[in-house]
Each structure stands twice: as structure tokens, then as C-alpha cells.
Amino acid sequence: MSDKSPATPNPWQHLRQLTPARIALGRAGTSLPTAAQLDFQFAHAQARDAVHLPFDHEGLCEELQGRGLDTLLLHSAAADRHTYLQRPDLGRRLDEESANALDDYAKENGRGYDLAIVIADGLSSLAVRRHSLPFLEKLLEQITEEGWKLAPISLVQQGRVAVADEVGERLGAKMTVILIGERPGLSSPDSLGLYFTYAPRVGLNDAYRNCISNVRLEGLSYGMATFRLLYLMREACRRQLSGVDLKDEAEVPTLEDAGPGNFLLPDQR
């Protein structure tokens, strides 16, 4: 008979099938096993690549125009990626040429839109490339039903969240929403963030914005992100505010499809 005891099953192993989190990795002596270490290095490389991947704004512009949407190609005050990563303040404002282009557009076509949509590369142009168009298809259907007047979609290279405030202010938009690549995580290099602002103007801080994050196939679905954003926009129009004073209290359908209900609350039936 063999004296070797059978290997003890790892009680965490089945949980790895339910989450991308790095749990139950095992160990080799005092270190990680080779497979886990290589997987970590690969995820880290993907995150770095997502940050530095160039934003194909012209290609995205053509696709949007192919869907009959007006677009504007803009650039932040950060001249290149190196400057963008070191000077967040420059990514929050448009460069002089783009600012003048917006002003000229407003003079020729008028101001006063209900909504200005901005798309910026942020810290993951990969997220923008993968998810901005599928999400916009869902959102634009609802915007049409609401009857809101939509400004040309602005595509901003080297842009950060607050650049949407300047775009909205120069176009005279009542609301802005920016679709932007979020900081990559080790399991999510392509996470798209949505930042919504009512009455946008230069100088606002994050307390005046509402954020919907992790929009991607493995995270928040396009449909659910649209549902939550529409709730915020409707409430913002009614209450004339956004940010910390506007809470996301959207009621979502239950899994049993038994009508509306808040998934954060226990079943009251």
C-alpha cells in the first residue's frame, strides 16, 4: 500500500469559475506558481498596451458618419500621449484650434442643444474602440424617443473627463455625457466609463458629475448602462442638477420579470 495521502481538494478552486479576481492561485514555496506569475505579467502587459494604444478617432468618425451622425474632431491641450499622462490638467481643456472650431460651428449652426455626447480616449482607447459604438446604438434609440436635440458628437484626442464641460459650454448644451476609457485593471483593460453633467461649464469638479463605470461585455451591459443613464438625464432635467445631489435610484426589472424593483433592496413580496 502507498503511504501517500490523496491531495486535499482546494476549497477555493470552484470559486475561480465565478470571478476574474485572482484567488486560489496556489504557491510554489514562498512564490506564485509559474502559470499564475505568467498570467499576471500578461494582464499587466495588456493594461499597459491599453493605455498607450493610439486612438483611431478618424476611423470612429467615419463609422459614426456612416450612421448619419454629425461629428467634430477635436484635440485637448495635451499635445501628445507623454504630455497627457504627465499633465492631467491639459487633458481637461481643448487646445486653441479646437476651441475656435467649436465657436465657429456654434456661430454657423446656432447653440442650444439638449445633449452633447463626447467620446475621448482617456486611459484606454481600447475600451472606446470596442464599446462606444454598440453603446451609442442603444443610447441613440432612447434619445430619439425622448425627442432631445443632439449636438454633433465630439471626438477628443488626449481627453480627460472634464473636457466635456468645455465642449458642452461652447455648444450651449443643457447636458453632456462623455464616453471615456477608464484606467485599465489587471482583469479589465477595456472598461468604458460614462460621466454625465447637467449645465456643463469649465471649472466644475467631479462632485457635479454622475459616473457609470465598467461598461463592457464582462461588466455592466450596454442596455443596463443606457437604462441608468437615461434615468439620470430625465431626473437631471426635472431637478436641474447632477452630481452628488442626484442619486441613481433607477428601478430595474427583477430576474423573474415580475415588474419593476430595485435590485439593491430585498424582495418585499
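Preceding this section is the structure that the text describes.
This section reports on the structure supplied with the text. Everything quoted here is computed from the prediction, not taken from an experiment.

Let us now look at the pattern of salt bridges. Scanning all chains against the criterion turns up 15 salt bridges. Here Glu166 makes a salt bridge to Arg93, at a shortest N to O gap of 2.8 Å. One end of the pair, Glu166, is in helix H7 (residues 163-171); the other, Arg93, is in the loop between helix H4 (88-91) and helix H5 (96-109), with 73 residues separating them in the sequence. For Glu166, a relative accessible area of 1% gives the class buried. The salt bridge partner of Glu146 is Arg234, with a shortest N-O separation of 2.7 Å.

Another aspect to go through is the layout of surface pockets. Considering only enclosed or pocket space, the second largest pocket measures out at about 320 Å³ in volume. Looking at the second largest pocket, it is lined by 14 residues, and the ones nearest its centre are Leu123, Arg160, Val161, Ile180 and Tyr195.

Most of strand S4 (residues 173-181) sits out of view: 8 of its 9 residues are buried. Summarising the sheet, S4 and strand S5 (residues 192-198) pair through 7 bridges and their orientation is antiparallel. Looking across to S5, one finds that Met175 is bridged to Tyr198.

So, about the environment of Leu171. One can find Leu171 in helix H7. C-alpha of Leu171 to C-alpha of Leu102: the two residues are 69 residues apart in sequence and 7.0 Å apart in space. Among residues more than four places away in sequence, those in contact with Leu171 are Leu102, Tyr105, Arg111, Gly112, Tyr113 and Ala151.

Rules used throughout
- Residues numbered from 1 in each chain as written.
- Predicted model: local features only at pLDDT ≥ 70, side-chain atom pairs only at ≥ 80, totals over all residues.
- Heavy atoms only, no water.
- Salt bridge = Lys/Arg side-chain N within 4 Å of Asp/Glu carboxyl O.
- Helix = DSSP H or I, 4+ residues; strand = E, 2+ residues; numbered from the N terminus.
- Buried < 20%, exposed > 50% of the residue type's maximum accessible area, 1.4 Å probe, protein only.
- 1 Å grid on protein atoms, 1.4 Å probe; cavity = no way out; pocket = protein on both sides within 12 Å on 5 of 7 lines; lining within 4 Å.
- Points joined across faces, edges and corners; volume = space filled by probe spheres on them.
- Pairing = 2+ DSSP bridges.
- Contact = heavy atoms within 4.5 Å.

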